[in-house]
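# A structural walkthrough
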Amino acid sequence: MNKSLRKPVIAGNWKMNNNPAQAAALIEQLKPLVKDASCEVVACVPYIDLHAALKAAEGTNIQIGAQNCHWAASGAFTGEIPAAMLKELGVPYVIIGHSERRQYFGETDLTVRDRTRAALDAGLKVILCVGELKEQRLRNITAEVVRMQTKLALEGVTEKELENIVIAYEPVWAIGTGLTATPEQANEVNLLIRQLIAELYGKAAADKTVIQYGGSMNEKNAGELLAMPDIDGGLIGGASLAAEKFAAIVTATKQ
Ligand code: PEP
C-alpha cells in the first residue's frame, strides 16, 4: 500500500495533565519546534484547557483536540460535553474510545460508535482508539478484538465520513507502561485494520486512511515505528507532555 497517499498525524494525548496556563506555555514551547512539520500536529488537552490552547495555537500548524465527547446533542448527562460545543469553540479534533475511557468509565464498543457518530455529525475529526488487552494478545485473539472494535465503531460511517477518521491502534498493554509493541507487531495490526477498511469501503479508501500507533511511543522508538509501511503517525501520551520529546517524534515522521 502506498504510504505517500497519507499525511501522518502525530497527536499528543495530555490526559488529565496541565492547567490552562501550563497548556498555553507548552503550546508556546512547541510552536517553534514543530513549525516545519511535514505531518499534522495535534494536542488533545483537558476540556478546561481548550480555550487557552486554541488561543495559544492560533495561526500555527498546531491543531487542538478534546479527549472525548458525548453522543447526545444536549440533556441530562452531568459532566459530559457534546460534540457541537467543541465545534463551536473551534476545536477540530476529538479522541474517541481511548482505552482509559473503556477501562475506567464504562465505555463500550457501542458508546464508542455513538460518540463517533455525534462527532462526525458535528464536523469534528475523530481519533478512534482500538486495541487489545494483554490477556487477549496472550490468547491470540488480537485480530478478532481489533476487527470487532473497529467494525462496530464504524457502523453507519460512510466512505466520505471515513476521511474524517484517524484510527489509532493502541495495544492496552503498551499504554503508559513503557512496553512498546515492536514495529513488526504494531505494523501487523495496523495492516489488518487497513485490510478491514478495504473490506468495508474498498482499497482506495483503505489506502487513504490514516492509522496511527500508540503505546509508549517516544523520541527514541518513534523513528523505527513510523518507518513501517502501515504506521501513519502516533498517539502519544507521556512523551507529549515534554515539548522536546513530542517535537522529536514529529520530526521522526520526515524520514
Ligand atoms: C495514550 O494515552 O494514548 C498513550 C499512548 O499513552 P503513552 O504514550 O503514555 O503510552
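A few points on the structure. From a predicted model like this one, the values you see are computed outputs, not experimental measurements.

### Some remarks on the pairing of strand β5 (residues 125–130)
- With five of six residues buried, β5 is to be regarded as a mostly interior element.
- Inspection of the sheet shows β5 paired to strand β6 (residues 165–169) by five bridges, in the parallel sense. Of the residues in β6, the one forming a bridge with Ile-127 is Val-166.

### With respect to the packing of helix α1 (residues 20–34) against helix α2 (residues 50–57)
- At their nearest, the axes of α1 and α2 sit 8 Å apart, and the two run at 25° to each other. Comparing the axis directions of α1 and α2 gives the class roughly parallel. Of the two elements, α1 crosses α2, and the hand of that crossing is right-handed. Together, Pro-20, Ala-24, Ile-27, Glu-28 and Lys-31 of α1 and Ala-52, Ala-53, Ala-56 and Ala-57 of α2 make up the contact between the two elements.
- Here the contact of α1 with α2 is composed, by residue class, of seven nonpolar, no polar and two charged.

### As for the sheet that holds β5
- Pairing in this closed barrel of eight strands is parallel, and the strands run β1-β2-β3-β4-β5-β6-β7-β8 around the ring. Looking at each pair of strands side by side, their axes are set apart by 25° on average, direction ignored.
- Pairing analysis gives four bridges linking strand β1 (residues 9–13) to strand β8 (residues 233–236), with the strands arranged parallel. Along β8, the bridge assignment pairs Ala-11 with Leu-235.

### Overview of the site of the ligand
- Neighbouring the ligand are 14 residues, the closest being Lys-15, Glu-170, Gly-176, Ser-216 and Gly-237.
- Contacts to the ligand include His-98, whose side-chain N or O atom sits 2.9 Å from an oxygen atom.
- With the chains in place, 95% of the 290 Å² that the ligand exposes on its own is no longer accessible.
- Looking at side-chain class alone, the shell around the ligand contains four nonpolar, eight polar and two charged residues.

### Notes on unusual backbone geometry
- Despite not being glycine, Asn-140 has its phi angle at roughly 65°, a positive value.
- Relative to the helices and strands, Asn-140 is located in the loop between α6 (134–138) and α7 (142–153).
- Asn-140 gets classed as exposed once you look at its relative accessible area, which sits at 68%.

### Some remarks on the side chain of His-98
- Positionally, His-98 belongs in the loop between β4 (93–96) and α4 (99–104).
- Within the structure, His-98 has its side chain in polar contact with the backbone nitrogen of Glu-100 (distance 2.9 Å).
- The contact partners of His-98, leaving out residues within four places of it in the chain, are Asn-13, Lys-15, Cys-129, Glu-170, Ile-175 and Leu-235.

What counts and what doesn't
- Residues numbered from 1 in each chain as written.
- Predicted model: local features only at pLDDT ≥ 70, side-chain atom pairs only at ≥ 80, totals over all residues.
- Heavy atoms only, no water.
- Buried < 20%, exposed > 50% of the residue type's maximum accessible area, 1.4 Å probe, protein only.
- Helix = DSSP H or I, 4+ residues; strand = E, 2+ residues; numbered from the N terminus.
- Pairing = 2+ DSSP bridges.
- Axes fitted to C-alpha atoms, helices over the stretch in contact; angles between N-to-C directions.
- Parallel < 35°, antiparallel > 145°, perpendicular 65-115°, else oblique.
- Left-handed = near helix turned anticlockwise from the far one by under 90°.
- Contact = heavy atoms within 4.5 Å.
- Nonpolar A, V, L, I, M, F, W, Y, C, P; charged D, E, K, R; others polar.
- Near = heavy atom within 4 Å.
- Polar contact = N/O pair within 3.5 Å; in protein donor to acceptor, adjacent residues only side chain to side chain.
- Areas by Shrake-Rupley, 256 points an atom, 1.4 Å probe, with all protein chains shown as cover.

Keep in mind these numbers describe shape, not what the thing actually does.
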